[in-house]
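# Breakdown of the fold
So you can see what is in the structure, the chains are spelled out below.
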Amino acid sequence: MRNALERRFSSSQQVPEELFDLVLSPIRWQLIDVSLELGVFDSLTDRQTDDEVAEMLSLQHDQCRLFLNALCSIDVLSKNKRGYKIRSEVAPYLTSNSDRSLCNLLRYLSSVRHADKAELKDMLRNGQSRHSAAGLRDHCHWDNSYKHLREFHDTMSNPVAIDVITSLPGWPEARFFLDLGAGSDSLANALISLKRDLRVSLFDLPGPAKAIERRLDASLPINVIAGDYNTANFENTYDIIWASMSLYFAQDIIELLKKLRAALTEKGVFVSFHEALRDDRTKPEAHVVGRLVPSLVNNDLSLDDEFMADRMRAAGFKKIVSKTIQTAYGEMRVDIGRKN
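Throughout what follows, the structure given in this document is the object of discussion. Model, not experiment: these values are computed from the prediction.

This paragraph deals with empty space enclosed by the protein. If you walk through the whole model with that rule in mind, you get one cavity of 30 Å³ or more. Each pocket or cavity is described by its volume, and for the largest cavity that value is around 40 Å³. Lining the largest cavity we find Ser272, His274, Glu275, Ala276, Leu303, Asp304, Asp305, Met308, Arg333 and Asp335. Within the residue set of the lining of the largest cavity, elements represented by two or more residues are β7 (264-275) and β9 (330-338). Take the lining of the largest cavity: its biggest share by element is three residues, from β7.

Here you go:
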């Protein structure tokens, strides 16, 4: 991940090297994507020869060797005289049975973020497409989101979220917590393991809410609420309301924030955790480029840098504190507002 102040083409001498690297980037992803589809990484938790891998996966032997060598070149596999093996640092993320697996998430993200040249030109010329990213505003799009969101939470976002939440001024006394647009029960489980008296409510659309309920540990104090936050009434009183990358579909963001403020205890806090585009919506690259395809099909949902803090003030929140943090998935903005 590039530093916020670092430019890709920082000197004329670097331009050819950087351009050449851009040509290689999609090939690197194809190596990973095809390997996930074929089960290469699951086959190489123990060292295997190229002939054994080819036999196991029904591949041509010479072509298999070339492919495995390419995976070694990008440091995903290691090779010695006894054959190939997935590197220990990488294995937890690229094998399907690991509790830190990113297999489903990575393939989902590529399906939403990548488009072929013909699709991209069609989007530019017509502003519409049948690409899967065109359905982000449709509730049905999120009905099958549990698996890849759970992977994202378990592996990437929970450590960041827990850092933010446990450093909140009201965390030691907090009893009631609302995760707005939760996506999975992963964060709730992690927070309850840290704070046994915490009662967590998970709010999500009906489809994702059902998926969360099906996988919920019934022994934990977690309540699932199904609905649309645009029309829902938040009757409970919460000490902390957490909204992480979930407020893009608010029909009237100030009215929604007013409802959330009313649902807080007198000393309660609301936390917005979203990306924040800056430099006239040209940075950071991870969000601008990563979300280009959805944006081209009328899903330009990313928030501007001061957007949420300004709306929180308009909704009546007090003592708003904002900060930017670097994460593995890009630069993120935290806006914390007290009810009073």
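So that's the structure; there's more coming.
Sheets are built from strands that pair by backbone hydrogen bonding, the pairs being arranged parallel or antiparallel. The strand order across the open sheet built from seven strands is β5-β4-β3-β6-β7-β9-β8, with neighbouring strands paired in mixed fashion. Of all strands in the sheet, those bounded by a partner on one side alone are β5 (222-226) and β8 (318-327). The mean inter-strand angle of the sheet, taken between neighbouring strand axes irrespective of direction, is 15°. Contacting β3 (176-180), β6 (238-244), β7 and β8, helix α11 (residues 253-262) runs over the sheet at an angle of about 140° to β7. Packing against the sheet, helix α14 (residues 307-314) makes contact with β7, β8 and β9, and its axis sits at approximately 10° to β9.

In this structure, Ile165, Leu168, Phe177, Leu191, Val200, Trp242 and Phe273 are the most contacted members of the largest nonpolar core, which totals 37 residues. Contributing elements (two or more residues each) for this core: α8 (146-166), α9 (186-194), β4 (199-204), α10 (206-215), β5, β6, β7 and β9. Sorting elements by how many residues they give to this core places α8 first, with seven residues. Residues in contact with phenylalanine 177, not counting those within four places in the same chain, are Ile165, Leu191, Leu198, Arg199, Val200, Ser201, Tyr238, Ile240 and Trp242. Counting 27 residues, the second-largest nonpolar core is a separate cluster that includes Leu178, Leu180, Phe234 and Ala309.

Turning our eyes to something else, we now look at the pairing of strand β2 (residues 83-86). It is a general feature of regular strands that their side chains alternate between the two faces of the sheet. Note that strand β1 (residues 77-80) and β2 share four bridges and pair antiparallel. Following the sheet pairing, lysine 79 is matched in β2 by tyrosine 84. Hairpin connection of β1 to β2: two residues between the antiparallel strands.

This paragraph deals with a nonpolar patch on the surface. A cluster of nonpolar side chains, Phe9, Leu19 and Leu22, forms an exposed patch at the surface whose accessible area comes to about 260 Å². Position of leucine 19 relative to the elements: it lies in helix α1 (residues 15-38). The class for leucine 19 is partly exposed, based on a relative accessible area of 43%.

Procedures and definitions
Sequence positions are assigned chain by chain, starting from 1 and proceeding in written order. It should be noted that, the model being predicted, local features are given only for residues of pLDDT at least 70 and side-chain atom pairs only at 80 or more, the latter also being counted only at that level, while totals for whole chains, interfaces and linings use all residues. By convention in this description, side-chain values take in all heavy atoms of the structure and omit both hydrogens and water. A cavity here means a set of points on a 1 Å grid, drawn over the protein atoms and nothing else, where a 1.4 Å probe fits but cannot get out; a pocket is an open set with protein on both sides within 12 Å along at least five of seven lines, and a residue lines either one if it has an atom within 4 Å of a point. Grid points are joined across faces, edges and corners, and a volume is the space filled by probe spheres set on the points. Only runs of H or I of at least four residues qualify as helices and only runs of E of at least two qualify as strands under DSSP, and these elements are numbered from the N terminus. Criterion used throughout: strands pair if DSSP finds at least two bridges between them. Axes here mean lines fitted to C-alpha atoms, for a helix over just the part in contact, with angles spanning 0 to 180 degrees between N-to-C directions. Should any heavy atoms of two residues lie within 4.5 Å, those residues are considered in contact. Nonpolar core, defined: a set of buried Ala, Val, Leu, Ile, Met, Phe, Trp, Tyr and Cys residues in which side-chain atoms within 4.5 Å join the residues together. Residue burial is assigned from relative accessible area. The probe radius is 1.4 Å, only protein chains are included, and a residue is buried under 20% of its type maximum, exposed over 50%, and partly exposed in between. Only residues whose relative accessible area exceeds 30% and that form no salt bridge enter a patch; like-charged residues are grouped when within 9 Å of one another, and nonpolar side chains (Val, Leu, Ile, Met, Phe, Trp, Tyr) when within 5 Å. All accessible-area figures derive from a Shrake-Rupley calculation using a 1.4 Å probe, and residue coverage is judged against the displayed protein chains alone. One side-chain nitrogen of Lys or Arg within 4 Å of one carboxyl oxygen of Asp or Glu is enough to make a salt bridge.

This is a description of form; function is not addressed.
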